[in-house]
Amino acid sequence: MNGSAFSSYVVVPHKTLSVSGDEHIAEYEVGPGAHKHYCSRCGTPLFNVVSRYAGACMIYLGAIDPLPDAVPALNVYCESMLSWVERVGSIQKLPTGADGK
Ligand SMILES: [Zn+2]
């Protein structure tokens, strides 16, 4: 539901979520009971709330500051996983972008 090959979330109880600058949070209903929340100033995706997972909140990992000291515990929606994803961990790794920056 994000249009990319990967998306990393931290799942927490929604009632525990605290957002600084929350006056800039916008919401978009992507489907029945599925709401994406994002920054109305810059478009950064922040978190999702889906009625199917009542009480839970899926926070985009990149939106958390500081990053949590956690490791992945679960891959979901693997039936639509792209065929090359299993090989990603074994391909060349660069410390910066492809342009060296
Ligand atoms: Zn923003």
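Up top is the structure these notes are about.
Residues numbered from 1 in each chain as written. Predicted model: local features only at pLDDT ≥ 70, side-chain atom pairs only at ≥ 80, totals over all residues.

Quick one: what's the story with the environment of Val12, residue by residue and with numbers?
Within the secondary structure, Val12 is located in strand 1 (residues 9–13). Every residue in contact with Val12, bar those within four places of it in the chain, is listed here: Leu17, Cys57 and Ile59. (Helix = DSSP H or I, 4+ residues; strand = E, 2+ residues; numbered from the N terminus. Contact = placed C-beta atoms within 7 Å.)

I'd like a rundown of unusual backbone geometry, residues and numbers included.
A cis geometry characterises the amide bond from Asp65 onward to Pro66, with omega recorded as 0°. With respect to the helices, strands and loops of the structure, Pro66 is situated in the segment after strand 5 (56–60). Positive phi is not limited to glycine here, since Tyr77 has a value of about 55°. Looking at where Tyr77 falls in the secondary structure, it is placed in the segment after strand 5.

Outline the pairing of strand 5, supporting the account with residue identities and numerical values.
Looking at chain direction, strand 1 and strand 5 are connected through five bridges and run antiparallel. Its bridge partner being in strand 5, Pro13 is matched across the sheet by Ala56. Relative to strand 5, strand 4 (residues 45–50) runs antiparallel, the two sharing two bridges. Bridged to Asn48 within strand 5 is Met58. Connecting the antiparallel pair strand 4 and strand 5 is a turn made up of five residues, with Gly55 showing a positive phi of about 90°. (Pairing = 2+ DSSP bridges.)

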